[in-house]
Amino acid sequence: MTRRLLLSYLSLAALVLLCLEIPLGFVYSRGERERVVNAAKDEAESVSAYAALSLAAGRAERDLPGRVAHCAQRIGGKVVIVDAAGTLLAASHRLDAGMSGTLAARPGIAAALRGTSTVDVRTSTIGGVEYLSVAAPVGQEARPVGAVWLTVPTRTVHERVHHVWLLLALGGCAVLTAVAVVGFAFARWAGRPIRELEQATHDLAEGGRFEPVTITKGPPEVRSLAAAFNHTAARLAHLLASQRAFAGEASHQLKTPLAALRLRLENLEPDIAARARGSLTAAVTETDRLARMVEHLLAMARLEEHAAIPATVDLGGVCAERHRTWQPLFAREDVSLVLFAGSVGPVLAVPGAVEQIMDNLLSNALRASPAGSTVTIELRLQAPPRRALRDSRPRWVDLHVTDEGPGMTQEQRARAFDRFWRAPGAPKGGTGLGLALVQRLAHASGGEAALRAAATGGLDVVIRLPSARPPGEGTPGPGGDRPRRPRREAPALPA
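Residues numbered from 1 in each chain as written. Predicted model: local features only at pLDDT ≥ 70, side-chain atom pairs only at ≥ 80, totals over all residues. Heavy atoms only, no water.

## Remarks on the overall build of the chain
Thought 1: The number of helices and strands found in the chain is 11 helices and 12 strands.
Thought 2: Here the chain, with 495 residues, has 37% of them falling under the buried criterion.
Thought 3: In the chain, of all internal contacts separated by at least 6 residues, the share reaching a separation of at least 24 is 66%.
Thought 4: Accessible surface for the chain amounts to roughly 28,300 Å². Of this, 57% is attributable to carbon and sulfur atoms. (Helix = DSSP H or I, 4+ residues; strand = E, 2+ residues; numbered from the N terminus. Buried < 20%, exposed > 50% of the residue type's maximum accessible area, 1.4 Å probe, protein only. Contact = heavy atoms within 4.5 Å. Areas by Shrake-Rupley, 256 points an atom, 1.4 Å probe, with all protein chains shown as cover.)

Given below as structure tokens:
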């Protein structure tokens, strides 16, 4: 913001200076040239009048040489006087024979000998020096008896004009420097409160502790904005803290009563008649469901309260370990659990996130799978096509958990990640929080979660996680984990 404000100040000041100084420089240049021309005209007319008197009195040869020498010395130029035939009468400097014979042919002298009423002013170059040439008739304009030719070097005028242009440029630079200093101070003064607000906004967005912004300087509008931000941020922090505290405390408070309730129900089993055992089993099942819901709420509360940093995780090893753990449960329900791990290398994930994701997905798949069906776990490395020798684009690893259950419609898949939402006709025992927790853990790890319709008619859950291998490297060997790169946003997965 400071740079933009300073640039706007300097642009405006430069525009004003250009609009003022350029016309002023041109006006001065034109006025200086007109002054020199008028001065040369006056000198030419003065010498012409003196030459006319000298010719009329017959003293031209005696008086004119001294007069032209004195005039040339005074103006710093050259003066030549010729008679009506163009013959040289007097000159302030030596002329060779060739130049003396061509004086009458010069445009200025020829015009003066013809009795032109106006003085002929021409600019010519003589000997590499630019001169201002003025010619005036001697005597009456109708019948001139001679002509005066006066040349003045314009170098002094040009130097004076250039000096003025230089002064204008230096003055403009000085004004721009002053504007830059004052504008920088003002921009810093106006931008400091906004930078503090920006930093406080970033801290609040990163989940840090909210500290009120104390702004006592700056424009009134910024101070008003800071006060409104403090009020809004304090209210938001209070609401978030209340929500987290409620979820965490309520979950903690519910764990003990639920454990006691389940124990009491189990203790009642010997005293319950056979016809009431179904109700007791249903009560125990609902108690287990409430316990799982409490565990999920606790996990989500901890995830929201403590934003963990992703670390390198051996995804293939975790999948193999969870496959061994869940294999007996699947076998008891007559459902096959198959693992296609492949060689995908490590991924970046929140510590413990992959285990929770796998447990929730396998639990959902087991409940939805009929007897005799198969649940597949598959890992796929999504590497972008190479376009250069060193491709810097990130790679991703997709974790697929596919079942052969009833599946979901497109509308149901769009709502499946909502909290407490369960599909119509879903098996009993679910809490509606498993997929919501899975999506939160995937996002916290820098990845994405999506639901697809499986080719077998069931559901294909895809968890995309960033690969921990640097782009362009091959599959690492044992223990070949590389340093972690900055986390990139996962590309969107098709629904």
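Read on, since the account is not over.
## Considering the nonpolar core
Soluble globular proteins tend to bury their nonpolar side chains together.
Thought 1: Formed by 42 residues in total, the largest nonpolar core has its most connected members in F330, V354, L361, L362 and I463.
Thought 2: Counting residues per element, the ones that place at least two in this core are α8 (315-332), β8 (347-349), α9 (353-368), β9 (374-382), β10 (396-402), α11 (434-444), β11 (448-453) and β12 (459-466).
Thought 3: For this core, the leading source of residues is α9, giving 8 residues. (Core = buried A, V, L, I, M, F, W, Y, C linked by side-chain atoms within 4.5 Å.)

## Considering the packing of α9 against α11
Thought 1: At a minimum axis distance of 9 Å, the contact between α9 and α11 shows a crossing angle of 150°. With respect to their mutual orientation, α9 and α11 come out roughly antiparallel. α11 is crossed by α9, and the crossing has left-handed handedness. Contact with α9, carried on its side by A353, Q356, I357, N360, L361 and N364, involves G434, L435, L437, V438, L441 and A442 of α11 and no other residues of that element.
Thought 2: Partitioned by chemical class, the residues of the contact of α9 with α11 number 8 nonpolar, 4 polar and no charged. (Axes fitted to C-alpha atoms, helices over the stretch in contact; angles between N-to-C directions. Parallel < 35°, antiparallel > 145°, perpendicular 65-115°, else oblique. Left-handed = near helix turned anticlockwise from the far one by under 90°. Nonpolar A, V, L, I, M, F, W, Y, C, P; charged D, E, K, R; others polar.)

## Regarding helix α1 (residues 2-57)
Thought 1: In this model, α1 (56 residues) spans 81 Å end to end at C-alpha, consistent with the 82 Å of a helix rising 1.5 Å per residue.
Thought 2: Looking one or two residues beyond α1, the residue adopting positive phi is G58, at roughly 75°. (Expected span 1.5 Å × (residues − 1).)

## What to know about the packing of α1 against helix α2 (residues 60-75)
Thought 1: Axis separation between α1 and α2 bottoms out at 9 Å; the angle between their running directions is 170°. It follows that α1 is roughly antiparallel to α2 by the angle criterion. Across the interface between the two elements, E43, S46, V47, Y50, A51, S54 and L55 of α1 pack against A60, D63, L64, R67, C71, R74 and I75 of α2.

## Things to note about the sheet that holds β12
Thought 1: Spatial strand order, β7-β9-β10-β12-β11: 5 strands in an open sheet with mixed pairing. Every interior strand has two partners, whereas the edge strands, β7 (336-340) and β11, have only one. Across the sheet, the mean angle separating the axes of adjacent strands is 15° when strand polarity is ignored.
Thought 2: Both β11 and β12 contribute to a ladder of 6 bridges, which runs antiparallel. For E448, the partnering residue across the bridge sits in β12 and is R464.
Thought 3: Contacts from α8 reach β7, β9 and β10, with the element oriented near 170° to β7.
Thought 4: Sheet strands touched by α11: β11 and β12. Its angle to β11, the strand with the most contacts, is close to 135°. (Pairing = 2+ DSSP bridges.)

## Focus: the pairing of strand β2 (residues 88-91)
Thought 1: Taken together, the 3 bridges between strand β1 (residues 78-83) and β2 define a ladder with antiparallel strand orientation. Bridge pairing in β2 links I81 to A90.
Thought 2: Hairpin connection from β1 to β2: 4 residues lie between these consecutive antiparallel strands, with G86 at a positive phi of about 90°.

## Section: the pattern of salt bridges
Thought 1: One pass over the full model with this rule turns up 10 salt bridges.
Thought 2: The partner of R59 in a salt bridge is D63, with the nearest N and O atoms 3.0 Å apart.
Thought 3: Relative accessible area serves as the criterion here: at 17%, D63 is assigned to the buried category.
Thought 4: For the salt bridge of R380 with E378, the shortest nitrogen-to-oxygen distance reads 3.2 Å.
Thought 5: Through salt bridges with shared partners, a single ionic network connects E32, R35 and R160. (Salt bridge = Lys/Arg side-chain N within 4 Å of Asp/Glu carboxyl O.)

## So, the side chain of R322
Thought 1: Among the structural elements, R322 can be located in helix α8.
Thought 2: You can call R322 buried: its relative accessible area is 13%.
Thought 3: Those residues in contact with R322 that lie beyond four places of it in its chain are E355, M358, D359 and L362.

## Observations regarding the confidence of the model for the chain
Thought 1: In the predicted model, the chain carries a mean pLDDT of 78, and 79% of its residues have values of at least 70.
Thought 2: Contacts for the low-pLDDT stretch residues 125-129, under 50 throughout, to residues beyond four places or in other chains number 4 contacts.
Thought 3: When the criterion is pLDDT under 50, residues 475-489 qualifies, and its contacts beyond four places in sequence or with other chains add up to 26 contacts. (pLDDT = per-residue confidence, 0-100.)

## A few points about empty space enclosed by the protein
Thought 1: Applying the stated rule across the entire model yields 1 cavity of 30 Å³ or more.
Thought 2: Quantified by volume, the largest cavity comes out at close to 30 Å³.
Thought 3: The dominant element in the lining of the largest cavity, judged by the number of residues it contributes, is α1, at 3 residues.
Thought 4: Residues of the lining of the largest cavity, tallied by class, amount to 4 nonpolar, 1 polar and 1 charged. (1 Å grid on protein atoms, 1.4 Å probe; cavity = no way out; pocket = protein on both sides within 12 Å on 5 of 7 lines; lining within 4 Å. Points joined across faces, edges and corners; volume = space filled by probe spheres on them.)

## A look at the pairing of β9
Thought 1: As paired elements, β7 and β9 share 5 bridges and run parallel to each other. Opposite L339, over in β9, you have I377 as the bridge partner.
Thought 2: As defined by bridge partners, β9 adjoins β10 across 7 bridges and the pair is classed as antiparallel. Along β10, the bridge assignment pairs E378 with H400.

## As for unusual backbone geometry
Thought 1: The phi dihedral of D334 falls on the positive side, at around 60°, and the residue is not glycine.
Thought 2: Within the element layout of this structure, D334 appears in the loop between α8 and β7.

## Things to note about a nonpolar patch on the surface
Thought 1: A grouping of L12, V16 and L20 is seen on the molecular surface, where their side chains present a nonpolar patch of about 300 Å² in accessible area.
Thought 2: Mapped onto the elements, L20 comes out in helix α1. (Patch = residues over 30% accessible without salt bridge, like charges linked within 9 Å, V, L, I, M, F, W, Y side chains within 5 Å.)

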